[in-house]
Amino acid sequence: MEFKSNIKKVEILIPPDFRPETQRIEYREDPLTGSKCLINIKRAQRAKQAQLATAVSDSITEGTKEGCFFCPEHIENETPKFPADICAAGRLKKGECTVFPNLFAFSEYHAVATLSRAHFLDLNQFTPQMLVDNMMACQEWMIAVHSQNKHAKWPIYIWNHMPPSGASMVHPHVQSLVREAPTAMQEHMLAKSWEHLSSNGSSFWHELIREEKDIGERYIYSNDSLALIASYAPRGFREIQFIFNDVCSFTDLNETQMQDFAYAIVKVLEGYKQMGVGSFNLNMFSGPIGEKTDYYSLNAKMISRPFPQGVYSSDTGPFERLQDEWVIEFLPEDVAVKMRGFFEARD
Ligand SMILES: [Zn+2]
């Protein structure tokens, strides 16, 4: 496995006395996908003129509650229902979670699943049980969809928290999709994983966990079900990768594996909260439903997003949107050191 890196130095004369300062720019490539990023940790120190908030304001939390479709007093009457062949009761329920169709779908099968009855939860207020109930309900829906349409075999599980992450609703919820075709990244990861097994005789994912544990710099934590690392070549700030040992598809997760996953997510969110994060994306990259693929391991990535407030500096500019190169402000090795602390402190 190759961790490609190219380090360049740039000299800048800094006012007021114009003394030279050397900044380090590191170009990295993801060892599986080849995705390119550049890291300059000095960028985290630049003045963000519109960025002031450190706590989510009442206007965002309370001000958006009135008329929220996902709140318990509206969810029954104001959210759509599935046809009976997918779900006899119209919606699936488990614990605080309700699963119902997305009114503005971008897939043939696209559901929304609430995480809590509460309209707003901060990053340190989610419980493992909320996540487990949500994942179980989503999984049940995905399996119901697949049993109706065998071509719909690509599950997607996405959690966008707060508007800077792309979420249009403040109320905690995930998106659950089943598609007939994989996303571009799902397809790319599976193809590259297959290539790796064919040419090396071993699973890329097993090798990645083993090597990251040996190197130690980006390794964070593992339990019986999965391992956590700070991604070598991130596509987002503070990117954490969750890699399952022996599961390929989201629909193959058992309850214990979901509990182990939920525990790790809650810990990372506690860490994010301590680091001043108020918005994030969690994306799962799943193999197909009902197909054993020994070359692929179910995995997820979590990235922090700008703090939710009226006006903020976006973390995504022309380099990310158009040049397909990810400009990163935090060194993965530093993220791992900080995040390990949160796992060690309370274990
Ligand atoms: Zn709500």
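The structure presented is a predicted model; accordingly, all values stated were derived computationally and were not measured.

Conventions adopted
- Residue numbers run consecutively from 1 along every chain, following the written order of its sequence.
- Local features are withheld for residues below a pLDDT of 70 in this predicted model, meaning they are given only at 70 or higher, and side-chain atom pairs are given and counted only at 80 or more; totals for whole chains, interfaces and linings count all residues.
- Hydrogen atoms and water are omitted, and side-chain values are computed over all heavy atoms in the structure.
- How far each domain reaches was decided by an automatic or database domain assignment.
- In this analysis, two residues are considered to be in contact whenever any of their non-hydrogen atoms come within 4.5 Å of each other.
- Two parts lose some accessible area (1.4 Å probe) when they are put together, and adding that loss for both gives the buried area.
- Here a salt bridge means any side-chain nitrogen of Lys or Arg lying within 4 Å of a carboxyl oxygen belonging to Asp or Glu.
- Under this definition, polar contacts are N or O atom pairs within 3.5 Å; protein pairs additionally need one hydrogen-donor-capable and one acceptor-capable atom, and for neighbouring residues in sequence, both atoms have to be side-chain atoms.
- By definition, any uninterrupted DSSP run of H or I lasting at least four residues is a helix, any uninterrupted run of E lasting at least two residues is a strand, and each is numbered from the N terminus.
- Comment: axis = line fitted to C-alpha atoms, over the contacting stretch for helices; angle = value between 0 and 180 degrees taken between N-to-C directions.
- The scheme is simple: roughly parallel for angles under 35 degrees, roughly antiparallel for over 145, roughly perpendicular for 65 to 115, oblique for anything else.
- Throughout, a crossing is termed right-handed when the near helix is turned clockwise from the far one, and left-handed when it is turned anticlockwise from it by less than a right angle.
- Polarity classes work like this: nonpolar for Ala, Val, Leu, Ile, Met, Phe, Trp, Tyr, Cys and Pro, charged for Asp, Glu, Lys and Arg, and polar for all others, with Gly in that last group.
- Here the rule is simple: two strands pair whenever DSSP picks up at least two bridges between them.
- Any Phe, Tyr or Trp ring, taking Trp's six-membered ring, that has another such ring centre within 6.5 Å forms a pair; planes under 30 degrees apart are called stacked, those over 60 apart edge-to-face, and the others tilted.
- Throughout this description, buried means an accessible area under 20% of the type-specific maximum (1.4 Å probe, protein chains only), exposed means over 50%, and partly exposed covers the range between.
- Charges are assigned to positions over rings by a cutoff of 6 Å between ring centre and Lys NZ or Arg CZ, combined with an angular limit of 35 degrees from the ring normal.

## Side note on the domain arrangement of the protein
Under the domain assignment, the protein is made up of domain 1 (5–45) and domain 2 (60–321 + 330–345). Domain 1 puts 15 residues into the contact, and the matching count from domain 2 is 18 residues. Contact with domain 2 buries area across many residues of domain 1, yet Arg28, Leu32 and Thr33 alone supply 44% of it, more than any other trio. Where domain 1 touches domain 2, the interface holds one salt bridge. At the surface where domain 1 touches domain 2, the tally comes to four residue pairs in polar contact (both at pLDDT 80 or more). Among the secondary structure elements, those contributing two or more residues to the side of domain 1 that touches domain 2 are strand E2 (19–29) and strand E3 (36–39). Here the side of domain 1 that touches domain 2 takes four residues from E2, the largest share from any one element.

## A look at the packing of helix H3 (residues 128–148) against helix H6 (residues 255–274)
Orientation of H3 relative to H6, taken along the N-to-C sense of each, is 135°, at an axis distance of 8 Å. Between H3 and H6, the interaxial angle falls into the category oblique. Our pair here, H3 against H6, has a crossing hand that is right-handed. Contact with H3, carried on its side by Pro128, Leu131, Val132, Met135, Met136 and Gln139, involves Glu255, Met258, Gln259, Phe261, Ala262, Tyr263, Ile265 and Val266 of H6 and no other residues of that element. Residue composition of the contact of H3 with H6, by class: eleven nonpolar, two polar and one charged.

## Details of the sheet that holds strand E14 (residues 325–328)
Strands sit in the order E1-E2-E3-E14 across an open sheet of four strands; the sheet is mixed. Both edges of this open sheet fall to strand E1 (5–14) and E14, since each of them pairs with a single strand only. Ignoring which end each strand starts from, the neighbouring axes of this sheet average 20° apart. With ten bridges connecting them, E1 and E2 associate as antiparallel partners. Across the sheet, the residue bridging to isoleucine 14 is arginine 19, located in E2.

## Quick look at the packing of aromatic side chains
Each aromatic ring pair is summarised here by two numbers: the centre-to-centre distance and the angle between the ring planes. Per the counting criterion, the structure on display carries 14 aromatic pairs. Where phenylalanine 204 meets tryptophan 205, the ring centres are 5.0 Å apart and the plane angle is 90°; that geometry is what we call edge-to-face. Note on phenylalanine 204: relative accessible area 2%, which makes it buried. For tryptophan 205, a relative accessible area of 0% translates into the label buried. Considering the side-chain rings of phenylalanine 237 and phenylalanine 330, the 5.6 Å spacing of their centres and the 75° angle between planes classify their relative orientation as edge-to-face. With a gap of 93 residues between them, phenylalanine 237 in strand E11 (residues 237–244) and phenylalanine 330 in the loop between E14 and helix H8 (332–345) connect regions that are remote in the sequence. What makes phenylalanine 330 partly exposed here is its relative accessible area of 22%. Ring-pair connections join several aromatic residues into one group, and the members of that group are Phe126, Trp159 and Phe280. It is arginine 218 that lies over the ring of phenylalanine 3; its NZ or CZ is 5.0 Å from the centre. Stacked on the ring of phenylalanine 330, the Lys or Arg arginine 238 has its end atom at 4.2 Å from the ring centre.

## Quick word on the pairing of strand E6 (residues 109–114)
Buried residues dominate E6, accounting for five of its six residues. Bridge analysis of strand E5 (residues 97–101) against E6 gives three bridges, and the strand direction is antiparallel. Each bridged residue has a counterpart across the sheet, and for phenylalanine 100 the counterpart in E6 is valine 112. Two strands pair when backbone bridges link them, and E6 and strand E8 (residues 173–179) are joined in this way by six bridges, in the antiparallel orientation. In the sheet register, valine 112 faces E8, and the bridge partner there is glutamine 175.

## Here's the deal with the sheet that holds strand E7 (residues 154–161)
Strand order in the open sheet formed by ten strands is E4-E5-E6-E8-E7-E12-E13-E11-E10-E9, and the pairing between neighbours is antiparallel. Two strands close off the open sheet at either side, each with one partner strand: strand E4 (92–94) and strand E9 (219–222). On average, each strand axis in the sheet is tilted by 20° relative to the strand beside it, whichever way the strands run. Summarising the sheet, strand E10 (residues 226–230) and E11 pair through five bridges and their orientation is antiparallel. Across the sheet, residue alanine 230 finds its bridge partner in E11, namely isoleucine 240. Across the sheet, H8 touches E9, E10 and E11, and the angle it forms with E9 is around 35°.

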